[in-house]
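# Structural features, examined
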Amino acid sequence: AQSVTQLDSQVPVFEEAPVELRCNYSSSVSVYLFWYVQYPNQGLQLLLKYLSGSTLVKGINGFEAEFNKSQTSFHLRKPSVHISDTAEYFCAVSERNRDDKIIFGKGTRLHILP
Amino acid sequence: DAGVIQSPRHEVTEMGQEVTLRCKPISGHNSLFWYRQTMMRGLELLIYFNNNVPIDDSGMPEDRFSAKMPNASFSTLKIQPSEPRDSAVYFCASSSLAGRGGELFFGEGSRLTVL
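Here's what I pulled together on the structure shown here. (Residues numbered from 1 in each chain as written. Chains lettered and ligands numbered in written order. Predicted model: local features only at pLDDT ≥ 70, side-chain atom pairs only at ≥ 80, totals over all residues. Heavy atoms only, no water.)

### Focus on the pairing of strand β8 (residues 64-68) of chain A
Residues and elements named next belong to chain A.
- On β8, burial follows the alternation: Ala65 and Phe67 on one face are buried, whereas Glu64, Glu66 and Asn68 on the facing-out side are not.
- The sheet contact formed by strand β7 (residues 56-58) and β8 spans three bridges and is antiparallel. Bridged to Val57 within β8 is Ala65.
- Linking β7 back to β8 in an antiparallel pair, the connection comprises five residues, with Asn61 at a positive phi of about 60 degrees.
- In terms of strand pairing, β8 meets strand β9 (residues 73-78) through five bridges, oriented antiparallel. Within β9, the position partnered with Glu66 by the bridge is His75. (Buried < 20%, exposed > 50% of the residue type's maximum accessible area, 1.4 Å probe, protein only. Helix = DSSP H or I, 4+ residues; strand = E, 2+ residues; numbered from the N terminus. Pairing = 2+ DSSP bridges.)

So this is what it looks like as structure tokens:
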């Protein structure tokens, strides 16, 4: 069965600084990978996803992520954060051609410091 | 489309009472998921349905929890009897391409407090 580990529960970063949120996954088969964002008191919404092809994936709000198969990682990056990026970020995985189960990591809370 | 609709948004109840959470998925979506979110455990998958059929309920914590999907436009998650440790935010999500890397669309959640 698949699993996801988000190594940091909270990440503080200064406004306009770069940020990386880390995600590692485990699966015995090929996977689809996702990053979702949750703003306060809301449901989750998709930031970006990796299905196949180019390992660098670009998403909304200036975020991007890179799939690294050898390291089983899918880290999320943004070159310059804004106060509006304050939210919780979830990495998720599903197994290709297996079933529809989508498993989420525990989330990383991004704190933007003024 | 109005998106995934969950009700109630907030529920406060006393231990031992029955709780029913409701979800209306996006029209045309054939997969529906129930997740529970807590500070300690993050976002846990409880159960999911394909074409109204429960596929995997291995995440349902115990027999006090049950979920149904009587038709393509409605699902319920029931807790009977409820306990304080069930306090959490419960999310419903739907998708049309879940098995092929499709996006999950989430409702705004139902925040349950059991006293």
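### With respect to the side chain of Arg36(B)
- Residue position: Arg36(B) is located in strand β4 (residues 31-38).
- Those residues in contact with Arg36(B) that sit more than four places away from it in its chain are Arg41(B), Gly42(B), Leu43(B), Glu44(B), Leu46(B), Pro61(B), Phe65(B), Asp86(B), Ala88(B), Val89(B) and Tyr90(B). (Contact = heavy atoms within 4.5 Å.)

### Quick notes on the sheet that holds strand β8 (residues 74-79) of chain B
Residues and elements named next belong to chain B.
- Read from one edge to the other, the open sheet built from four strands follows the order β1-β3-β8-β7, with strand pairing classed as antiparallel. Two strands close off the open sheet at either side, each with one partner strand: β1 (5-7) and β7 (65-71). Direction aside, the axes of adjacent strands within the sheet are offset by 15 degrees on average.
- Where strand β3 (residues 19-24) meets β8, five bridges bridge the pair, whose relative direction is antiparallel. In the strand pairing of β8, Thr20 is matched with Lys78. (Axes fitted to C-alpha atoms, helices over the stretch in contact; angles between N-to-C directions.)

### Describing the state of the cysteines
- What the rule picks out here adds up to two disulfides over all chains.
- Each sulfur of the disulfide joining Cys23(A) and Cys91(A) lies 2.0 Å from the other. Judged by the torsion about the S-S bond (-65 degrees), the Cys23(A)/Cys91(A) disulfide is left-handed. You can see Cys23(A) sitting in the loop between β3 (19-21) and β4 (24-26) and its partner Cys91(A) sitting in strand β10 (residues 87-95), a full 68 residues away along the chain.
- Relative accessible area serves as the criterion here: at 0%, Cys23(A) is assigned to the buried category.
- Looking at Cys91(A), the relative accessible area reads 0%, which means it is buried.
- Two residues, Cys23(B) and Cys92(B), share a disulfide whose sulfurs are 1.9 Å apart. Between Cys23(B) and Cys92(B), the S-S dihedral sits near -65 degrees, and the bridge is therefore left-handed. (Disulfide = S-S within 2.5 Å.)

### Description of the interface of chain B and chain A
- The interface of chain B with chain A comprises 26 residues on the first partner and 22 residues on the second.
- Across the chain B/chain A interface, buried area totals approximately 1800 Å², and carbon plus sulfur atoms make up 52% of it.
- A per-residue breakdown of the area chain B buries against chain A is headed by Leu43(B), Gly101(B) and Phe106(B), which together make up 24% of the total.
- The interface formed by chain B and chain A holds one salt bridge in total.
- One salt bridge in this structure joins Asp56(B) and Lys101(A), with 2.6 Å as the shortest N-O distance.
- Counting the contacts that link chain B with chain A gives five residue pairs in polar contact (both at pLDDT 80 or more).
- Taken together, the elements giving at least two residues each to the side of chain B that touches chain A come down to β4 and β5 (42-50) of chain B.
- If one sorts the elements of the side of chain B that touches chain A by residue count, β5(B) sits on top with five residues.
- In terms of residue class, the side of chain B that touches chain A is built from ten nonpolar, nine polar and seven charged. (Buried area = accessible area lost by both parts, 1.4 Å probe. Salt bridge = Lys/Arg side-chain N within 4 Å of Asp/Glu carboxyl O. Polar contact = N/O pair within 3.5 Å; in protein donor to acceptor, adjacent residues only side chain to side chain. Nonpolar A, V, L, I, M, F, W, Y, C, P; charged D, E, K, R; others polar.)

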